[in-house]
Amino acid sequence: MQTALTEFLRDVDEVKVYLDLLQGVMDFAVATTPAVEDAHAGGLAQRARDAGTPAIQIGHDGALLTLSASFEEFVANLVSRYAEGLPTVIKNYSSLPEKFRRAHERFTGEVLSRFPNDRVRAFVPEVLVRNLYNCYQDAVPYKLNGQAVALTDNNISGSELATVFTRVGISKVWEKVGKKTQVRDWFGATSAEDVGAGAKNKLDQFVIDRNHTIHRGAEYRPIGPDSLKSYLGYFSVLAPVLVTVCEDQLRTLERR
């Protein structure tokens, strides 16, 4: 799970660097006069001035969509690795909560039914079937099809995140998020309920902005640098907390 976090935070840092570079080029264009001695630099500045706001907006839109794709990949990897870690604390498949076992079986079947669709092409059907067979045999040790359990066709909104986490036995995820000090400090609120709701609403708004950006409908509004920086800060806080929620749940199960 820490690996999934490290990969996501690296992506967040890369988006931050990209935005800084984009802003730096535009600042340079504004500050550079046509009489600049370096012909190459002068040409770059002129091109940036000519491109103007539309070029910046393309960059901002690209950053938003990159962040969206990276977060969805992070959630899938996190849930997958959490599920794959369950056999270390619950030694028998039959001892797993029935709700989780149903989800495991349902989404394994879902992946197999879609194969070789692009969304599931990376899966190996023989491995999925073997793992599920061993689970039915209550073999020890057993392996879970974590990637299958994490499968979703929906954007990771606040509600969808809660749905995917509930699927693997972690209920009330936003309530748990709201109790974490890092999130409460970021939102500047003391009520865990208010913080949890605020964190969920922030993710919902992010998905709305993502959808408006990618579909360019009548409700599309350019995403600004301040909004992007806010989302980057939000995800930098939320992602580690989601990992902590998963780790806390594994420790709870281990003590039972």
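Note that the structure is predicted; figures quoted are calculated from it, not measured.

A. Region of the structure containing the overall build of the chain. Along its length, the chain carries 10 helices and zero strands. The order of α-helices and β-strands along the chain, N terminus first, is α-α-α-α-α-α-α-α-α-α. Per-residue burial over the chain gives 43% buried out of 256 residues. Excluding contacts between residues fewer than 6 apart, the proportion of contacts in the chain whose partners are at least 24 apart in sequence is 74%. When the accessible surface of the chain is summed, it comes to about 13,600 Å², and 53% of that surface belongs to carbon and sulfur atoms.

B. Representation of the packing of aromatic side chains. The full count for this structure, using the stated rule, is 12 aromatic pairs. Aromatic side chains Y93 and Y142 sit 6.0 Å apart centroid to centroid with 75° between the ring planes, which places their arrangement in the edge-to-face category. One end of the pair, Y93, is in the loop between α2 (39-85) and α3 (98-114); the other, Y142, is in the loop between α4 (125-136) and α5 (146-149), and 49 residues separate them in sequence. Judged by relative accessible area, which is 4%, Y93 ranks as buried. Members of the aromatic cluster, joined through ring pairs, are F8, F71, F74, W186, F187, F206, Y231, Y234 and F235.

C. Seen up close, the layout of surface pockets. In this structure, the largest pocket occupies an estimated 500 Å³ of space. Around the largest pocket, the lining comprises 20 residues; the ones closest to its centre are E72, A76, R119, L151 and T152. Per element, the largest residue contribution to the lining of the largest pocket is six residues, and it comes from α2. Looking at the lining of the largest pocket, its residues break down into eight nonpolar, six polar and six charged.

D. Fine view of the nonpolar core. F71, F74, F235 and L242 are the most contacted members of the largest nonpolar core, which totals 58 residues. Looking at this core, the elements that each hand over two or more residues are α1 (2-31), α2, α6 (158-167), α7 (173-178), α9 (192-215) and α10 (225-255). For this core, the leading source of residues is α10, giving 15 residues. Contacts of F235, omitting those with residues within four sequence positions, involve F8, L67, F71, L203, F206 and P240. F107, V120, F123 and A148 belong to the second-largest nonpolar core, a separate cluster that totals eight residues.

Reading the values: the criteria
- Residues numbered from 1 in each chain as written.
- Predicted model: local features only at pLDDT ≥ 70, side-chain atom pairs only at ≥ 80, totals over all residues.
- Heavy atoms only, no water.
- Helix = DSSP H or I, 4+ residues; strand = E, 2+ residues; numbered from the N terminus.
- Buried < 20%, exposed > 50% of the residue type's maximum accessible area, 1.4 Å probe, protein only.
- Contact = heavy atoms within 4.5 Å.
- Areas by Shrake-Rupley, 256 points an atom, 1.4 Å probe, with all protein chains shown as cover.
- Phe/Tyr/Trp six-rings, centres within 6.5 Å; stacked < 30°, edge-to-face > 60°.
- 1 Å grid on protein atoms, 1.4 Å probe; cavity = no way out; pocket = protein on both sides within 12 Å on 5 of 7 lines; lining within 4 Å.
- Points joined across faces, edges and corners; volume = space filled by probe spheres on them.
- Nonpolar A, V, L, I, M, F, W, Y, C, P; charged D, E, K, R; others polar.
- Core = buried A, V, L, I, M, F, W, Y, C linked by side-chain atoms within 4.5 Å.

These figures come from the coordinates and say nothing about function on their own.
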